[in-house]
Amino acid sequence: MNRYFRIMTSILPVFACAILAGTTGLYAQDAGAPAPAAPIVAAPEAAAVPAAPVASKIDTGDTTWVLVSTAMVLAMTAPGLALFYGGMVRSKNALGTIMQSFVILCLISIQWVLWGYSLAFGPDKGHLIGGLEWIGLNGVGLEPNADYAATIPHQAFMIFQMMFAVITPALITGAVAERMKFSAFLVFTLLWATFIYDPLAHWVWAVGGWVRNLGALDFAGGTVVHISSGAAALACAIVLKKRLGYGREHMVPHNLPMTVLGASMLWFGWFGFNSGSAVASGALAVSAFVVTHTAAAAAALAWMIVEWMYRGKPTVLGAASGAVAGLVAITPASGFVGPMASIVIGLVAGVLCYLAVLWKSKLGYDDALDVVGIHGVGGIWGALATGLFASKAINAAGADGLFYGNPAQLGIQAMAVLVSVVFAFVGTFVILKLVDGLMGLRVSEEDERKGLDLSQHDERAYS
Amino acid sequence: MVIDPARIDKRNRRRRGVFSVIGLTIAVMLGTLAVFTGSVAAQDTTAASAQAVAATPVLKIDTGDTAWVLTSTALVLAMTMPGLALFYGGLVRGKNVLGTIMQSLAILCMVSLLWILVGYSLAFGPDKGGIIGGLEWIGLSGVGSDPHPVYGPTIPHQVFMLFQLMFAAITPALITGAVAERMKFSALLLFAALWSLVIYTPVAHWIWGGGWLGKMGALDFAGGAVVHISSGVSALVCAIVLGKRKGHGADYMAPHNLPFTLLGTGLLWFGWFGFNAGSALGANGLAASTFLATHAAAATGALVWMGVEWVHRGKPTVLGLASGAVAGLATVTPASGYVGPFHAIIIGVFAGVLCYFAVVWKGRMGYDDSLDVVGIHGVGGVFGVLATGVFASKAINAAGADGLLFGNAGQLGIQAIMVAAVMLFSVIGTWMILKVVDAAVGLRVAPEDESTGLDLSQHNERAYS
């Protein structure tokens, strides 16, 4: 009971304040939302009215693609990432690990609706943060917002972005696996999303954000999603310290087929992640789709081959990790580069991330499921590679990179990388110390031995 | 292992019995097929001319809308198989996992066929007295690629039919959670076929096919009454008629593989976007708003269930979070196209609390609804349909109606009539079908088969070797 009260007293005030503020907006939105574009309902006699043409030009093809992409990115977090990570831990922690991804999906979805979207994409305040005008989706209706996506309902863009806000903290959970207290984890996630993700997304993607104003290119989230989660993961691994028995006990993945299933669902969903970021169904979406796939395939092969040469055997976990590394690296570049460049980006990602994971053990931190090596290193390489390979021939709205005669772009990309790494690392460090002081980050030694499933959730994965 | 020859003999006899039932079922289906291939063939050959005739009220196919409904159809397929199959499969004991997965898969296949042959015509065919659709569209006769003016004016009629097929398939599959670990496979097939034709098609007609409830103005956007109340209430009848599992309350019956269940939950959530937002039948503002309401209710339902459980039991369970998400999704289904995000969150809060307590109280009521179909789909469905009568707003969907909160108390009454009608019809109908199936083939497996598990006794396979 005591512990429960501590948890609730720390979570509830944060939520309560924002809910109070957010619901006002939401309520206004519900009561006064404009009529939707096409009033077609399942109740047939009512639907006899043909779709009324509305002033805005919502394109059905574009809307379809963004809605489908949103569902696909949902599937990346749950069940994709949940199973990818769930298979890699020991079976006594399988549920606890899966739970982290699932609960983030729920928590951040609500956070995003109440205040996250407004902070990230709301009207710019001093190039640093979005205003509170859109809190509770106030004013975020079904009319398109020309700044972000001119041919789909604004709410479709909002919910597509929500899935990005969801998966980013979920990626970090790989670094804290098998040892973080569930209650501390909830508080950390809520704070991280609000104070790290939302501002960073604003800087890089929102109209008026200062990194965007610099001209930094990040098509689908290399800095916002991967570098930020990778840098945060490093801070987490350092602050939380190693798992009990790390380096001495046998800690192999308990179910690799589950991990491969998760990796496949990540790959599947990544088409929505990258190609959906075109926020339209057209040439750019197709180009992003193609390069996403080629980079993933190239990186999986590269990782496999390097491992084969270096360790003597090609592993399944290696191929799966390589595919994810390639997907990470191509993410910021996917809307700006062609297929040949994407293969190069993938090959380099496979090699770099493999070496990063290998060197992890020499550095001594326990990044349990290799978030730093894959998302951090892959994200940095991808953001820089965008500065090398980007071409206006692929995306006129982008910029040329070094290889197309614009070396300055590489400098801008390096700047964006540095800013994201420093901001995410320092911010995460502060949040962790805060949560540690408030409620303690780690489970007790006894609970860690027992496993998260029983100690945190009173359940067993397998009976 | 010593095998008693008498037992083998008995098992062989039983197998012969089962084969004859399956043979009979197949024969009936083939017979139906033979009768209706004529009309299908006629439909195929005359498709071109039919198109020419139907082209008078020029309805143009929109490629974006068609892409959205086709994708939604595939998403709803993924809800049944593998979504629901794995959700339920993980919750049973290791000896029944294949049998449980098999039920969803077999129902998907069987109902798909029945729907094309007769089901669609009974549910959506030309209205006969507000009660049932006519037989004019049997074997998809006249259901071609031209849009239907009511059922999706911008998509081919067959796309609407196929989208609805997935709803017809998942509904009986939901019921299988209540009969888990003890129903005979042959009886299940017979039950699902009868249930689909006798319960699902009329209810779908009443509400969506131009029947009496629809005419009365009842609102059910994506199937709160048609799918969730009907399956939830029928599940209760099934659990009562079948009786408890052997050793219920005494033996350890923990889920054998919760990661499976979570995989299933993820796929259900993913597919539910097609289920609800696809019911807008177009890629428009309504689809986006439905998508948002669906997601907001699911996330809220999950968090609230987890919170309530944390307070009530001391630990937040993973199964609880997953159940809460499904409860939120089931509850928002009828309301999803009529409410905004704020009201969707309120609906999610109630879904999490009500369904949690329904599941907890199940233990006191004494029936063995093994995988909580009643508590989640029944209770969630009833509350969702009533909540639609409270929170619906014409500002969200001009083709809908205002609910109680927007000054139209009558809507709540209409919603209550729909709840009562669907519940009553499902209870009586399901009870009668169960009695018929019991008399024909027997509902339960033999006690020793139940101990062996469905995988070996019904399918002669092991899930894990």
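Here's what I pulled together on the structure shown here. Everything numeric in this text was worked out from a predicted model, so none of it was measured.

What follows concerns the overall build of chain B. Looking only at helices and strands, chain B has 16 helices and two strands in total. Per-residue burial for chain B yields a buried fraction of 63% across its 465 residues. In chain B, 76% of the contacts between residues at least 6 apart in sequence involve partners at least 24 apart.

Within chain A, the regular secondary structure consists of 16 helices and two strands. Contacts in chain A between residues at least 24 apart in sequence constitute 76% of all its contacts with a sequence separation of at least 6.

Taken together, the contacts link 75 residues of chain B with 70 residues of chain A. Sorting elements by how many residues they give to the side of chain B that touches chain A places helix α10 (residues 285-313) of chain B first, with 15 residues. Its residues assigned to classes, the side of chain B that touches chain A shows 46 nonpolar, 24 polar and five charged.

This part takes up unusual backbone geometry. With an omega dihedral of 15°, the bond running from alanine 78 of chain A to proline 79 of chain A counts as a cis peptide bond. For proline 79 of chain A, the location among the structural elements is in helix α3 (residues 60-88). The peptide bond linking methionine 81 of chain B to proline 82 of chain B adopts the cis configuration, its omega dihedral lying at 10°. By the secondary structure assignment, proline 82 of chain B is in helix α3 (residues 63-91). We note that glutamate 178 of chain A has phi near 75°; this positive angle belongs to a residue other than glycine. By the secondary structure assignment, glutamate 178 of chain A is in the loop between α5 (154-172) and α6 (182-205).

Another aspect to go through is helix α14 (residues 407-439) of chain A. Here α14 of chain A spans 48 Å end to end across 33 residues, near enough to the 48 Å set by a 1.5 Å rise per residue. Taken from the residues just after α14 of chain A, glycine 440 of chain A is the one with a positive phi, measuring 80°.

Residue and element names in this part refer to chain A. Two elements in contact, helix α4 (residues 94-121) and α5, have axes whose closest approach is 8 Å; the angle formed by their N-to-C orientations is 125°. Taken together, the axes of α4 and α5 are oblique relative to one another. Two packed elements cross with a definite hand, and for α4 against α5 that hand is right-handed. For the pair α4 and α5, the contacting residues are Ser101, Ile104, Leu105, Ile108, Ser109, Trp112, Gly116, Tyr117 and Phe121 in the first and Met158, Gln161, Met162, Ala165, Val166, Pro169 and Ala170 in the second. Residues of the contact of α4 with α5, tallied by class, amount to 12 nonpolar, four polar and no charged.

Core analysis: the biggest nonpolar cluster contains 337 residues, and Leu67 and Ala299 of chain A have the highest contact counts within it. No other element matches the 20 residues that α4 of chain A contributes to this core. Setting aside its immediate chain neighbours within four residues, leucine 67 of chain A contacts Ala156 of chain A together with Trp68, Ala277, Ala283, Ala287, Ala288 and Phe291 of chain B.

On the secondary structure map, alanine 120 of chain A appears in helix α4. Residue contacts for alanine 120 of chain A: discarding those within four places in its chain leaves Gly130, Asp198, Ala201, His202 and Ala206 of chain A.

Let us now look at helix α5 (residues 157-175) of chain B. Between its terminal C-alpha atoms α5 of chain B stretches 29 Å, which fits the 27 Å expected from 19 residues at 1.5 Å a residue. For α5 of chain B, the buried fraction is high: 18 of the 19 residues fall into the buried class.

Residue and element names in this part refer to chain A. With respect to the element layout, proline 169 can be found in helix α5. According to the C-beta neighbour criterion, proline 169 is buried, with 26 such atoms within 10 Å. Separated by 86 residues in sequence, proline 169 and leucine 83 have C-alpha atoms that sit 16 Å apart. Beyond its immediate sequence surroundings of up to four residues, proline 169 is in contact with Ile104, Ile108, Thr189, Trp192, Ala193 and Tyr197.

Thresholds, definitions, all that
Residues numbered from 1 in each chain as written. Chains lettered and ligands numbered in written order. Predicted model: local features only at pLDDT ≥ 70, side-chain atom pairs only at ≥ 80, totals over all residues. Helix = DSSP H or I, 4+ residues; strand = E, 2+ residues; numbered from the N terminus. Buried ≥ 20, exposed ≤ 12 C-beta atoms within 10 Å, placed from the backbone. Contact = placed C-beta atoms within 7 Å. Nonpolar A, V, L, I, M, F, W, Y, C, P; charged D, E, K, R; others polar. Expected span 1.5 Å × (residues − 1). Axes fitted to C-alpha atoms, helices over the stretch in contact; angles between N-to-C directions. Parallel < 35°, antiparallel > 145°, perpendicular 65-115°, else oblique. Left-handed = near helix turned anticlockwise from the far one by under 90°. Core = buried A, V, L, I, M, F, W, Y, C linked by C-beta atoms within 7 Å.

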